[in-house]
Amino acid sequence: MEPGWLLWGAAVLLLLLHVLAELSPAVGFVLRLGWYCLLCVLGSLLAVPACLLLNGGRTVRNMRIIKNIVKAFKYFFGLKFEVKGLENFEVEGPAIVVSNHQSILDMMGLMEVLPDNCVQVGKKELLYTGIVGLIMYLGGVIFINRKSTTSAKMVMSEVAKTMVAENVKVWVYPEGTRNCTGDFLPFKKGAFHLAIQAQVPVIPVVYSSFTSFYNPKTKLFTSGKIKVEILPPIETKGLTSDDVSDLTDRCYHTMRETFFVLSGRPSPSEQWGPDQPDVWCGTALLV
Ligand SMILES: CCCCC/C=C\C/C=C\CCCCCCCC(=O)SCCNC(=O)CCNC(=O)[C@H](O)C(C)(C)COP(=O)(O)OP(=O)(O)OC[C@H]1O[C@@H](n2cnc3c(N)ncnc32)[C@H](O)[C@@H]1OP(=O)(O)O
Ligand SMILES: CCCCCCCC/C=C\CCCCCCCC(=O)OC[C@@H](O)COP(=O)(O)O
């Protein structure tokens, strides 16, 4: 087929998709989410050779390459980030970063603020998403098996040693799963065990609620603004395993309070629970 016809075909297809998306929010939602996944695949196709050529294999240095590519994604979706407190990342040495996790779109918010030398903890299933899994592996993502507490704890304990030896920050989503309910899930304690075992500070990062522009239940995915706040580090020097619960609670309450402020919603004490408890925030692929 002639290239001219191909271009015409692509233009007509894009126009059709655009009209469909405008006519039906559900179609628009699926198309936008599909486009996001396609961007992740295309970005990975670009990043994998760059990471291999420039850094030779699996290393946290690859996160810079990944970050620079992913930071461009927001323009395709009309998303704006307003970031406060970046200076709080400037701690000497390693740290545990904890943040709320609403959707697979969080990847964009993550890369918007990701400090140097920082890797994320992710579920091992992500490793099997083809080229996207490969780029995560090359970026140094630490994969855990959520179906085995013993194995997840062993991996985390190993991380406590290596992050100090290699001066790396580790980003954990303490809710342990995506949650787009407009509130927080209870925090799991792995991140806080890790911080105390390594005697490194915890840096909380809060993203405002996505529910005004992204809601899988109502098939909403439009442009929007996300407020991000990096809170001051919480020291763990001298804390022991007895302090894990207190540290977890402290982070949870500070972050949840900040979440409601950033989201322009009444403070937690004035309301109860999630506003849409059964909102599911994912794609079937990422089970
Ligand atoms: C260029 C284009 C690129 C395109 C884009 C692609 C890629 C970009 C690259 C990188 C970005 C990657 C982003 C990845 C995001 C991934 C997000 C996720 O996958 S979130 C899901 C996975 N993460 C987590 O689950 C972390 C949070 N979970 C925990 O911390 C858990 O505690 C756990 C360690 C996983 C264990 O969980 P489990 O449910 O099995 O058990 P419990 O939490 O109930 O704990 C049981 C018990 O054990 C105690 N505990 C926990 N951890 C420890 C520990 N380390 N040491 C000792 N004890 C531990 C815990 O306190 C409980 O005891 P108790 O009840 O007595 O308190
Ligand atoms: C050979 C297999 C081919 C599969 C191709 C899959 C292509 C997938 C393409 C793009 C996927 C975008 C990946 C973005 C990564 C987002 C990470 C993420 O947010 O994972 C969710 C995880 O935190 C929690 O999972 P659950 O909420 O518990 O579930």
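Calculation criteria
Per chain, residue numbering runs from 1 following the sequence as it is written. Ligands are numbered from 1 and chains lettered from A, in the order in which they are written. Selection of residues for local features in this predicted model requires a pLDDT of at least 70, selection of side-chain atom pairs for listing and counting requires 80 or more, and totals for whole chains, interfaces and linings are taken over all residues. Side-chain numbers come from the whole structure's heavy atoms, not from hydrogens or water. UniProt positions are given in the numbering used here, feature names are shortened, and annotations may be inferred rather than shown by experiment. We define the nonpolar core as a collection of buried residues of types Ala, Val, Leu, Ile, Met, Phe, Trp, Tyr and Cys that are connected through side-chain atoms lying within 4.5 Å of one another. Any residue under 20% of the maximum accessible area for its type is buried, any over 50% is exposed, and the rest in between are partly exposed; the area is computed with a 1.4 Å probe on protein chains only. Runs of E in the DSSP output that reach at least two residues are strands. Runs of H or I that reach at least four are helices, and both are numbered from the N terminus. Between two residues, a contact is recorded if the distance between any of their heavy atoms is within 4.5 Å. Residue proximity to a molecule or strand is established when one non-hydrogen atom of the residue lies within 4 Å of it. Here a polar contact is recorded for every N or O atom pair within 3.5 Å, except that within protein the pair must consist of a potential hydrogen donor and a potential acceptor, and residues adjacent in sequence are included only if both atoms are side-chain atoms. All accessibility values rest on the Shrake-Rupley procedure with a 1.4 Å probe; residue burial counts only the protein chains present in the view. A pair of strands is treated as paired once DSSP finds two or more bridges between them. Note on geometry: axes are lines fitted to C-alpha atoms, helical ones only across the stretch in contact, with angles between N-to-C directions running from 0 to 180 degrees. Within this document, salt bridges are pairs made up of a side-chain nitrogen of Lys or Arg and a carboxyl oxygen of Asp or Glu, the two lying within 4 Å of each other.

- An unreviewed UniProt entry annotates the protein chain as 1-acyl-sn-glycerol-3-phosphate acyltransferase originating from Melopsittacus undulatus.
- What UniProt states about the protein chain under its Function (unreviewed entry) heading is, verbatim, "Converts 1-acyl-sn-glycerol-3-phosphate (lysophosphatidic acid or LPA) into 1,2-diacyl-sn-glycerol-3-phosphate (phosphatidic acid or PA) by incorporating an acyl moiety at the sn-2 position of the glycerol backbone."

### Observations concerning the nonpolar core
Alright, step 1. Within the largest apolar cluster, 49 residues are counted, with the highest numbers of intra-cluster contacts made by Met108, Trp171 and Tyr214.
Alright, step 2. Elements that contribute at least two residues to this core include exactly helix H2 (25–55), helix H3 (62–70), strand S1 (79–84), helix H5 (106–113), helix H6 (131–139), strand S6 (202–207) and strand S9 (224–230).
Alright, step 3. It is H2 that contributes the most residues to this core, eight residues altogether.
Alright, step 4. Every residue in contact with Met108, bar those within four places of it in the chain, is listed here: Tyr36, Val70, Phe73, Lys74, Phe77, Leu79 and Phe81.
Alright, step 5. Within the second largest apolar cluster, 36 residues are counted, among which are Val60, Ile96, Ala191 and Val200.

### Quick word on the site of ligand 1
Alright, step 1. By nearness alone, 36 residues border ligand 1, and Lys123, Thr149, Lys188, Lys189 and His193 come closest of all.
Alright, step 2. One nitrogen or oxygen atom from the main chain of Gly190 is found 3.1 Å from an oxygen atom belonging to ligand 1.
Alright, step 3. Protein chains shield 82% of the accessible area of ligand 1, which is 1400 Å² for the free molecule.
Alright, step 4. Elements with a contribution of two residues or more to the shell around ligand 1: H2, H3, H5, strand S3 (118–123), H6, helix H7 (149–165) and helix H8 (190–198).

### Concerning the environment of Ile135
Alright, step 1. Tracing the backbone shows Ile135 in helix H6.
Alright, step 2. Of the residues examined, Ile135 reaches a relative accessible area of 6% and is grouped as buried.
Alright, step 3. C-alpha separation for the pair Ile135 and Asn68, spaced 67 residues apart in sequence, amounts to 13 Å.

### Remarks on the sheet that holds S1
Alright, step 1. The seven strands are arranged S1-S9-S6-S2-S5-S3-S4 in an open sheet whose pairing can be described as mixed. Unpaired on one side and paired on the other, S1 and strand S4 (142–144) mark the two borders of the sheet. Strand-to-strand twist across the sheet, computed as the mean angle between neighbouring axes with direction ignored, equals 25 degrees.
Alright, step 2. Sheet strands touched by helix H9 (residues 244–262): strand S2 (96–99), S6 and S9. Its angle to S6, the strand with the most contacts, is close to 30 degrees.

### Brief notes about the site of ligand 2
Alright, step 1. Neighbouring residues of ligand 2: 17 residues in total, closest His101, Lys123, Arg146, Thr177 and Arg178.
Alright, step 2. Contact between ligand 2 and His101: an oxygen atom at 2.6 Å from a side-chain N or O atom of the residue.
Alright, step 3. The separation between an oxygen atom of ligand 2 and a polar side-chain atom of Arg178 is 2.6 Å.
Alright, step 4. Starting from 770 Å² of accessible surface for ligand 2 in isolation, the protein chains cover 77%.
Alright, step 5. Those elements that place two or more of their residues in the shell around ligand 2 are H2 and H6.

### Quick look at the pattern of salt bridges
Alright, step 1. In this structure the tally under the stated criterion is seven salt bridges.
Alright, step 2. Between Asp116 and Arg64 there is a salt bridge, with the nearest N and O atoms lying 2.6 Å from each other. Note that Asp116 is positioned in the loop between H5 and S3 and Arg64 in helix H3, a separation of 52 residues in sequence.
Alright, step 3. Relative accessible area serves as the criterion here: at 42%, Asp116 is assigned to the partly exposed category.

### Quick notes on unusual backbone geometry
Alright, step 1. Even without glycine at this site, Asn117 takes up a positive phi of about 55 degrees.
Alright, step 2. Along the chain, Asn117 falls in the loop between H5 and S3.
Alright, step 3. Owing to a relative accessible area of 37%, Asn117 belongs among the partly exposed residues under this scheme.
Alright, step 4. In this structure, Gln199 is a non-glycine residue whose phi angle is positive, near 55 degrees.
Alright, step 5. For Gln199, the position within the fold is in the loop between H8 and S6.
Alright, step 6. Judged by relative accessible area, which is 26%, Gln199 ranks as partly exposed.

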